[in-house]
Amino acid sequence: MRRSAIGFAVLILVIFVLAGIRPDALPFVREQARFSDAVVSHWPNAFFLRQSILERGEFPIWRETIMAGQPFLANPLNKTAYPFQWLALLFPPALHLNLLVIFHAVLAGVGMYTWATGLGLRPESALLAGLAYVVSPRLFGHLAAGHLDIVYALAWWPWLMWAVLRTKKPAIGLSSGLLIGMLAALLVIADSRVGLFAVLSAVVYGVYLARQQRVLRLKVLTGGGAVLVASILLIGVIVPFALWSSSLNRAALTPSEAGAMALTPAQFLTLLFPAQHGNVETMVYLGLPVLLLAFVGLIMLPRHLRWLAVGIALLIILYGMGVQSFLWNTLVSAFPVLLWFRVPARIWLMATLFAPLLAAYGYERLLMLNGQHGVMTLAWLKRTAIVWIAVCAAFGVFALFVLPSPLSGILILSVGTTTGVLLFAAVSGWKLARHARSLFISLIVIDLASGGIYGLEWRGPEQWLDPYRPLAERLVALEPARIYSPTYSLEQQIAEAYGLRLFGGVDPFQLSGVAQGIEQGSGVPLQGYQVVLPPLLGSQSDLDIAQANRTAIIDTEALAQWSVSHVVAAYAIDHPRLLLADVVNNVYIYQNLDYEMETSGVRIPDWPLSASDLPDQATVQRWNQISMLGWLVSGIGWVVCPILLIVLWRRHAHD
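Described in the following lines is the structure provided in the data block.

For the rest of this paragraph, the subject is the sheet that holds strand β10 (residues 587-592). Within the open sheet, the four strands sit side by side as β5-β8-β10-β9. Their pairing is mixed. One side of each edge strand has no neighbouring strand; the edge strands of this open sheet are β5 (483-484) and β9 (578-584). Both β9 and β10 contribute to a ladder of six bridges, which runs antiparallel. Bridge assignment links L578 to a residue of β10, and that residue is N592. Strands in contact with helix α19 (residues 469-478) are β5, β8 (566-569), β9 and β10; relative to β9, the strand with the most contacts, it is inclined by about 140°.

Dropping the structure here:
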């Protein structure tokens, strides 16, 4: 395992270096994206956590810099219950995030390798599974988009499945339940949306293994222990979120809103098109060699497992199609809580997990082909290889001459057709098959790593922080109470760095009363649930938001009720109650003449007393105290559980 971990680390570092990683830079989608969640959300979160503890000596319960003030501890995306997030106290925010990315990427590869060897696959086959997973297009796509929480969760998923697999050994029941509970908690805290699919898949996996072994009583005890451990470790997330859940506008999500970013039938054609930019949430590309080897593995599976795999694939496809599918509509009607998780296409992460494992199985069975295999199986494999070569040739030529980037066509023609030739050679017994082991792995690395490098780049603070410093410094000099920007001219990371309080922002954790206040004050209608408040209406993409909301009529009196003293925009605003204070780097700064400064200081939360759907200050203070207590319980659990696990492992080793 140590050698495999070193190998994964070297591969990851090579790819990251080629993508421009450096200690103070953060990941972006190469060339196309102006924003990254790593910069907009994760960097400010780590910065706030660090500043709260080290500079202000306060526990990060409440944050005033976005969304007119919101609970920091209760927001799962802030990761206060995630043990590794607290490394932000040791490292600057960007370096902290990069170290976590590297750690979790290596962890993902080693986890898949460990699970595969636990299933009985040979080390070289397990290595293929680990490589295919750690450089999978979805993992790298989410990394490029700055979805670091999803990367963290994907790293723990194969470890959770491995821990469930260990329950086949009856002698380690207690430690197994403890380990499963810890891993499930880590995964859910890392990203609850991925955690939904991961925990459900682990439960189904555990039930399947228990039925095989017919030792249901022991497995129920193990599962009960895992649930108890996970519940204790998750109290720091569950309790604060439960307190605030009724105040969130996410509770009013409709099926059409929650079903946004679903898969369409046409998108499944992109299974054969590598190196394509687009929305990572609907990316289905798994890798050409991975896809072919997974199909080989499907053919070679025992019949009952083959039908199980087909059933899982259909479940993933139908659920992923959202409102276009009867399955998703039926499930959200029966279990409305599923609406909270949104983005049905995210279930494709299950394919990202299972496809490398199935490909590794197909790879191993392919290299073990001999005369004992049936003629029908060999004939199926030969036909598969021929059809694959023909399809790759046709799609490759199309991609080469039609798609904007030639890289996709080049990869299909080279990697895709070569994979088909290797399959035909292995089935036919050609001499070329002797080199199939190294060639298959090389093709996977070339295919997926090139796509990762093509779509990922790191950008330094000279691009996402320094250009906004003059504006932030001028605003600090004006001593604003709260700032509203219809064009998102004051981005969250710079507002956090300078302690400027925003009326609006980018965060899926939104209080419905605040959202209503932003709608009233900004004059921008909320067209259903939006991650960005106010919505950037009138902009066609991230690159032209300078004209967003230009026709909206600002209500300065409503803004004043929310303590908005200044408005900043990328264009001039003609309003009788907005006084131009300055222009910095083509950004207009206006003073709200309807705002009257309070002499009593800033209230926490600083909301209008007339605001609806919001708790009062006394309730907020009580909820904050309860949230803190829940966090302390989880924190104690994270200290005790690892120690207990080590003790149990040592005792088992001596027995």
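Every α-helical turn comprises 3.6 residues, leaving residues that sit three or four positions apart pointing alike. Extensive coverage of helix α5 (residues 137-144) is indicated by the burial of eight of its eight residues. Among the residues making up α5, those that are buried are P137, R138, L139, F140, G141, H142, L143 and A144. Of the residues flanking the end of α5, it is G146, one or two places downstream, whose phi is positive at about 85°.

The angle between the axes and the distance between the axes are what describe a pair of packed helices. Relative orientation of the contacting elements helix α3 (residues 93-118) and helix α4 (residues 123-134) amounts to 145°, with a least axis distance of 8 Å. Viewed along their axes, α3 and α4 form a crossing whose handedness is right-handed. Side by side, α3 and α4 meet where A105, A108, G109, M112, Y113, A116 and T117 of the first sit next to P123, A126, L127, A129, G130, Y133 and V134 of the second. The class makeup of the residues in the contact of α3 with α4 is eleven nonpolar, three polar and no charged.

That bond from L533 to P534 is cis: its omega, -10°, falls within 30 degrees of zero. Along the polypeptide, P534 turns up in the loop between β7 (532-533) and α22 (556-561). The backbone of E479 sits at a positive phi, close to 50°, despite the residue not being glycine. Positionally, E479 belongs in the loop between α19 and β5.

Within the largest apolar cluster, 194 residues are counted, with the highest numbers of intra-cluster contacts made by W157, W244, L490 and W607. With 16 residues, the single largest contributor to this core is helix α6 (residues 148-165).

The alternating pattern of β8 places H566 and V568 and V567 and A569 on opposite faces, both of which are buried. Inspection of the sheet shows β5 paired to β8 by two bridges, in the parallel sense. Bridged to Y484 within β8 is V567. Bridging between β8 and β10 involves four bridges; their strand directions are antiparallel. Along β10, the bridge assignment pairs V567 with Y590.

Moving on: the packing of aromatic side chains. According to the stated counting rule, one finds 29 aromatic pairs in the structure shown. Consider the rings of Y82 and F84, whose centres lie 5.6 Å apart with planes at 55°: the pair is tilted. For F84, a relative accessible area of 24% corresponds to the partly exposed category. Taken together, the aromatic side chains of Y82, F84, F103, Y152 and W156 make up a single cluster linked through ring pairs. Residue placement shows R63 over the ring face of F48; its charged tip is 5.6 Å from the ring centre.

Across all of its chains, the model carries 19 salt bridges by this definition. Of the charged contacts, one joins R501 and E64 as a salt bridge, the two residues approaching to 2.6 Å between their closest N and O atoms. You can see R501 sitting in the loop between α20 (492-498) and β6 (505-506) and its partner E64 sitting in the loop between β2 (62-63) and β3 (70-71), a full 437 residues away along the chain. The exposure class of R501 is buried, given its relative accessible area of 11%.

Another aspect to go through is the environment of V10. Within the secondary structure, V10 sits in helix α1 (residues 2-18). V10 gets classed as partly exposed once you look at its relative accessible area, which sits at 48%. Through-space distance from the C-alpha of V10 to that of M67 is 41 Å; in sequence the pair is 57 residues apart.

Parameters and conventions
- Residues numbered from 1 in each chain as written.
- Predicted model: local features only at pLDDT ≥ 70, side-chain atom pairs only at ≥ 80, totals over all residues.
- Heavy atoms only, no water.
- Pairing = 2+ DSSP bridges.
- Helix = DSSP H or I, 4+ residues; strand = E, 2+ residues; numbered from the N terminus.
- Contact = heavy atoms within 4.5 Å.
- Axes fitted to C-alpha atoms, helices over the stretch in contact; angles between N-to-C directions.
- Buried < 20%, exposed > 50% of the residue type's maximum accessible area, 1.4 Å probe, protein only.
- Left-handed = near helix turned anticlockwise from the far one by under 90°.
- Nonpolar A, V, L, I, M, F, W, Y, C, P; charged D, E, K, R; others polar.
- Core = buried A, V, L, I, M, F, W, Y, C linked by side-chain atoms within 4.5 Å.
- Phe/Tyr/Trp six-rings, centres within 6.5 Å; stacked < 30°, edge-to-face > 60°.
- Lys NZ or Arg CZ within 6 Å of the ring centre and 35° of its normal.
- Salt bridge = Lys/Arg side-chain N within 4 Å of Asp/Glu carboxyl O.

Geometric values such as these leave the question of function open.
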